[in-house]
Amino acid sequence: MSGAVDLSSLKQPPAGASGAGGGGDYAVSEADFETKVLRRSTQVPVVVALYSQRSPGSVELVRTLERLVQEDAGAWDLATVEAEANMRIAQAFGVKGIPTVIAVAGGRPLADFEGAQPEPQVRQWLSAVVEAVGGQLEGGEQPQAVEDPRFTAAEAALERGDMAGAEAAYEAIIAAEPGNEEAKNALRQVRFLSRAQAVSDSAIATADADPANVDAALDAADVEMLSQQPEASFDRLIAVIKKTAGDDRTKARTRLLELFELFDPAEPFVVAARRKLAAALY
């Protein structure tokens, strides 16, 4: 997240803004955001917790952070922000869900997570933030973005070839944060790899020899995708969709849509394939 969010607009509070307005010793509003977050973050990382009184889970997370910041005795600071009353702060961070927690260091966002998390996971994240920032503030070089330990564990499983372990790790992230698009994308990639790597290298030849075999075509499309031939993979499945109906067509279309999701939807070859799909269907 480092450097991806511009907080400069929050250096000037809105006209008529006054103090933090309740919420405890760590409460921050637009009026004192510059002092309590941006300036303070040049000394120690400041953990900004955006929450809502209407969300019991976010209130509980704030209480956990308030206890942990006292236990850590100055290693980091806490700023709790009621999102509804401070929409400019939420908008500046691009907040999509409540609660959202962002670590700010040197005036810039460093790392974040969304959704209520169990205390051990919060503690692990805080430790990673403090470690990443260590010795780099007070005018020194900017700290590096913090790796989410949950993603680190999933990636380590991938490196070991443990596809099931990686899949389980990403599924756990999504269970805790249903809106985590990074985890969703990673899970799609892992599921594809698990399936495609189990397909025989002869799948293309088998499909070409038996054009009516829909399952063989699906396997061949996976092999082509794994071989970094997405256009060939898409075209094969679109050809199946053109000449089939019922369950076979549904099966090929479902697989094609799954493969589309492995890429940015703006990729030219994805856009072109979607047009071909529309023509094949209608």
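Our subject is the structure listed above.
Report on the accompanying structure. Each residue is numbered by its place in its chain's sequence as written, counting from 1. Only residues with pLDDT of 70 or above have their local features reported here, since the model is predicted, and side-chain atom pairs are shown and tallied only from 80 upward, although totals for entire chains, interfaces and linings are computed over all residues. Where side-chain values are given, they derive from all heavy atoms of the structure, hydrogens and water being excluded.

Before going further, it helps to examine the sheet that holds strand β1 (residues 46–51). Only strands joined by at least two bridges in the DSSP assignment are considered to pair. Starting at the N terminus, helices and strands are each numbered in turn, a helix being any DSSP run of H or I of at least four residues and a strand any DSSP run of E of at least two. Across the sheet, four strands lie side by side as β2-β1-β3-β4; this open sheet has mixed pairing. Each having just a single partner strand, β2 (77–82) and β4 (108–114) make up the two edges of the open sheet. Sheet twist, expressed as the mean angle between neighbouring strand axes with direction ignored, is 20°. Looking at chain direction, β1 and β2 are connected through six bridges and run parallel. Bridge pairing links Val48 to Ala79 in β2. Only the stretch in contact is used when a helix axis is fitted, and all axes are lines through C-alpha atoms; the angle between N-to-C directions ranges over 0 to 180 degrees.

On to the pairing of β4, then. As paired elements, strand β3 (residues 100–105) and β4 share six bridges and run antiparallel to each other. Its bridge partner lying in β4, Ala103 is registered against Ala111. Counting the residues between successive antiparallel strands, the hairpin from β3 to β4 contains two residues, one of them, Gly106, with a positive phi of roughly 60°.

This next bit is on the packing of helix α10 (residues 230–243) against helix α11 (residues 246–260). Where α10 meets α11, the axes come as close as 8 Å, and the angle between the chain directions of the two elements is 155°. One way to sum up the angle between α10 and α11 is to call them roughly antiparallel. The crossing of α10 and α11 is left-handed. Two secondary-structure elements touch here, α10 through Ser233, Phe234, Leu237, Ile238, Val240, Ile241 and Lys242 and α11 through Arg249, Ala252, Arg253, Arg255, Leu256, Leu259 and Phe260. Of the residues in the contact of α10 with α11, the class split is nine nonpolar, one polar and four charged. Here the angle decides the label: under 35 degrees means roughly parallel, over 145 means roughly antiparallel, 65 to 115 means roughly perpendicular, and every other value means oblique. The crossing is said to be left-handed when, going from far helix to near helix, the turn is anticlockwise and less than a right angle, and right-handed when the turn is clockwise. Residue contacts are counted whenever heavy atoms from the two residues lie within 4.5 Å of one another. Residues were grouped as follows: Ala, Val, Leu, Ile, Met, Phe, Trp, Tyr, Cys and Pro as nonpolar; Asp, Glu, Lys and Arg as charged; and all remaining residues, including Gly, as polar.

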